[in-house]
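Overview (structure and organization)
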Amino acid sequence: MKYRTANDLKDLLLEDHEKVVNEIAQESVDVYVHLHNAFQDTYLPDDTLYQFIFRHFFRLDNPSLTKEFEVEYFKLMEEQRGCERPNIVQITKKLYEVKNHKGNPTMQFPLAASMLHAINPEFPSYDGDIVKAFDFSSTYHLSGFDKKMRRYIEQYQHLYHTYRELLEDEALEPLFVHFDERFRDYALPRVKKLDLMVSQLGNSLQ
């Protein structure tokens, strides 16, 4: 598959780097910081306020998903607290086994990625804007868990390695400087700043 490379994304980000940063919603930074910090001092299965904010922010409020799915989701998230290397395949598989309102299993890899990203930004997010930024192909036409999972993992590994390459590229320094000027009161990890900028880039692409 041909996805956007680090050089492709660098060129797009640098076309108008101030616009990319300026269009990042303040709320996106505030809510992310709150969820990341609150995670350190809560027990997720019982914290309904945390769950409420998380569901809205990471788009877990899907009409097709059941209450049972939400319970399993935050139980799994709590279990990942002490894992140095969470297994996103196993997490996605466990979520897949929870049937939706129609009694069918559903592939929720993006929500599994959101779970790990909320815990540790070294695990990239994988939402619709990130998908657009990288020009990832859909898995909708693929049948069965294994085929879909292979495609998702291929894309997620590409995303991870591309981020590593971009983080080491000095040409992107103007973006990080401008980010720090705009969000000067936030001590975000560099990888999270990049994630926000790439997501905003994807949001702006037609």
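Notes on the structure in this doc start here. (Residues numbered from 1 in each chain as written. Predicted model: local features only at pLDDT ≥ 70, side-chain atom pairs only at ≥ 80, totals over all residues. Heavy atoms only, no water.)

With that settled, the discussion passes to the packing of helix H5 (residues 67-79) against helix H7 (residues 109-119). Running from N to C, H5 and H7 point in directions that differ by 40°, and their axes come no closer than 10 Å. One way to sum up the angle between H5 and H7 is to call them oblique. In this structure, the crossing between H5 and H7 has a hand that is right-handed. For the pair H5 and H7, the contacting residues are Phe69, Tyr73, Leu76 and Met77 in the first and Leu111, Ser114, Met115, Ala118 and Ile119 in the second. A per-class count over the contact of H5 with H7 returns eight nonpolar, one polar and no charged. (Axes fitted to C-alpha atoms, helices over the stretch in contact; angles between N-to-C directions. Helix = DSSP H or I, 4+ residues; strand = E, 2+ residues; numbered from the N terminus. Parallel < 35°, antiparallel > 145°, perpendicular 65-115°, else oblique. Left-handed = near helix turned anticlockwise from the far one by under 90°. Contact = heavy atoms within 4.5 Å. Nonpolar A, V, L, I, M, F, W, Y, C, P; charged D, E, K, R; others polar.)

One way to put it is that helix H1 (residues 6-15) packs onto helix H9 (residues 145-167) with a least axis distance of 9 Å and a crossing angle of 55°. For the element pair H1 / H9, the angle class is oblique. The two elements H1 and H9 cross, and the hand of that crossing is right-handed. Contacts from Ala6, Leu9 and Lys10 of H1 reach H9 at Thr162, Glu165 and Leu166.

Turning next to the packing of aromatic side chains. Overall, the coordinates contain 18 aromatic pairs when judged by the stated rule. Ring centres of Tyr3 and Phe136 lie 4.9 Å apart, and the angle between their planes is 90°; on these two criteria the pair is classed as edge-to-face. Here Tyr3 is found in the segment before H1, whereas its partner Phe136 is found in the loop between helix H8 (128-134) and H9, with 133 residues between them in sequence. Each member of the pair Tyr3 and Phe136 is classed as buried. Seen from their ring centres, Phe109 and Tyr152 are 4.7 Å apart, and the 15° between their planes marks the pair as stacked. With Phe109 in helix H7 and Tyr152 in helix H9, this residue pair connects regions lying 43 residues apart in the sequence. Note on accessibility: Phe109 and Tyr152 belong to one class, buried. (Phe/Tyr/Trp six-rings, centres within 6.5 Å; stacked < 30°, edge-to-face > 60°. Buried < 20%, exposed > 50% of the residue type's maximum accessible area, 1.4 Å probe, protein only.)

So, on to H5. Every α-helical turn comprises 3.6 residues, leaving residues that sit three or four positions apart pointing alike. Relative to the 18 Å expected for 13 residues at 1.5 Å per residue, H5 spans 19 Å between its end C-alpha atoms, a close match to the ideal helical length. Considered for burial, the residues of H5 that qualify are Phe69, Glu70, Glu72, Tyr73, Phe74, Leu76, Met77 and Glu78. On the buried face of H5, the contacting elements are helix H3 (26-39), helix H4 (48-57), helix H6 (88-96) and H7. (Expected span 1.5 Å × (residues − 1).)

Counting residues in each nonpolar core, the largest one holds 63 residues, and the members touching the most others are Phe54, Tyr73, Met77, Phe109, Phe134 and Met197. The element contributing the most residues to this core is H9, with nine residues. Not counting chain neighbours up to four residues away, the residues in contact with Phe54 comprise Leu35, Arg59, Leu60, Tyr73, Phe74, Met77, Ser114, Met115 and Ala118. (Core = buried A, V, L, I, M, F, W, Y, C linked by side-chain atoms within 4.5 Å.)

Let's shift gears to the side chain of Ser125. Here Ser125 is to be found in the loop between H7 and H8. Within polar-contact distance, the side chain of Ser125 engages the side chain of Asp195 at 2.8 Å. In this view, Ser125 contacts His117, Ile130, Leu159 and Asp195; residues no more than four positions away in its chain are not counted. (Polar contact = N/O pair within 3.5 Å; in protein donor to acceptor, adjacent residues only side chain to side chain.)

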